[in-house]
Amino acid sequence: MRRKLAAGNWKMNGTRADLAELEALCTAHDGADVDLLICPPFTLITAAAQLCDGHDMRIGGQDCHMAASGAHTGDISAEMLKDAGASAVILGHSERRADHAETSDIVRAKARAAHDAGLLAIICVGESLSKREAQNTLDIIGGQLSSSIPDSATGENTVVAYEPCWAIGTGLTPTPDQIGDVHDFIRTRLEKRFGAGIGRSVRLLYGGSVKAGNAAEIFAVSNVDGALVGGASLKADDFSPIIKALEAEAHAS
Ligand SMILES: O=C(CO)COP(=O)(O)O
């Protein structure tokens, strides 16, 4: 049975004052029924990890370098994330693929570095609107899965997040059937490549305009093991109902 995961991606948002939101989440949720993760910007990781000490709330980064150390100005390694108190890292987010020209090969190398450092790698895949309209969604996702996930993946060290680019921050979401089709496809691909044991144990998150109003419907879809939430993870009052919807789904299933 895969444990469900509610993950928040704060993106380039948040200063120390916003840690009050994290504190409120820690108070409201004990993590008994679902895993909880917030990925704040690098600058807040140490303080966030200290704040969450003693709570079932994990802290993650939003990117890491593929090398353990070296002359890479402005970059952060997986080891550094771990040292700062992170236990997970988001990799290959479509904003990084677009803004920093990250290819799936680069994402795979970063995921390997994350595994080597003992971090949970949350590997993102997703199609653009034009690819969906051209009915190329599964081709795109299939290619991204093969190239972005390293051979070192297991259910313990890897999560795959399906985030259609056109649903991110737009208020648009795929239908439950569309989400189910992609999640079932990802599950099948993972089982083929890694075998049933690992293939069935990797958790699959949906991401893209998840909010309180649509969370329950999305969480009921087959092979959706939780969500990677952007905008609605910034405020405890917005994220808490999403976590509650996931807790309810965990009880029901
Ligand atoms: O990109 C996302 C999470 O990584 C989704 O962002 P939104 O929830 O703001 O659409």
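To be clear, the structure that these remarks concern was listed above.
First, a word on scope: everything that follows refers to the structure included in this document.

Conventions we followed
- Residues numbered from 1 in each chain as written.
- Predicted model: local features only at pLDDT ≥ 70, side-chain atom pairs only at ≥ 80, totals over all residues.
- Heavy atoms only, no water.
- Helix = DSSP H or I, 4+ residues; strand = E, 2+ residues; numbered from the N terminus.
- Buried < 20%, exposed > 50% of the residue type's maximum accessible area, 1.4 Å probe, protein only.
- Axes fitted to C-alpha atoms, helices over the stretch in contact; angles between N-to-C directions.
- Parallel < 35°, antiparallel > 145°, perpendicular 65-115°, else oblique.
- Left-handed = near helix turned anticlockwise from the far one by under 90°.
- Contact = heavy atoms within 4.5 Å.
- Right-handed = clockwise from strand over helix to strand, strands pointing away.
- Pairing = 2+ DSSP bridges.

We now examine unusual backbone geometry. The backbone of Gln 135 sits at a positive phi, close to 60°, despite the residue not being glycine. Position of Gln 135 relative to the elements: it lies in the loop between helix 6 (129–133) and helix 7 (137–148). Phi is positive for Ser 209, close to 60°, though the residue is something other than glycine. Checked against the element boundaries, Ser 209 lands in the loop between strand 7 (203–206) and helix 9 (212–219). Look at Ser 209 and you get buried, because its relative accessible area is 15%.

The subject of this paragraph is the packing of helix 9 against helix 10 (residues 236–252). Running from N to C, helix 9 and helix 10 cross one another at 20°; their axes reach a closest spacing of 9 Å. Classed by the angle they form, the pair helix 9 and helix 10 counts as roughly parallel. For the crossing formed where helix 9 meets helix 10, the hand is right-handed. Touching Ala 212, Ala 215, Ala 216 and Phe 219 of helix 9 are Pro 241, Ile 242, Ala 245, Leu 246 and Glu 249, all from helix 10.

Bringing the pairing of strand 1 (residues 5–9) into the picture now. With respect to burial, strand 1 is a largely interior element, 5 of its 5 residues being buried. The parallel pair strand 1 and strand 2 (residues 35–39) is bridged by helix 1 (residues 19–28), and the resulting crossover is right-handed. Both strand 1 and strand 8 (residues 226–229) contribute to a ladder of 4 bridges, which runs parallel. Note on strand 8: the bridge partner recorded for Gly 8 is Val 229.

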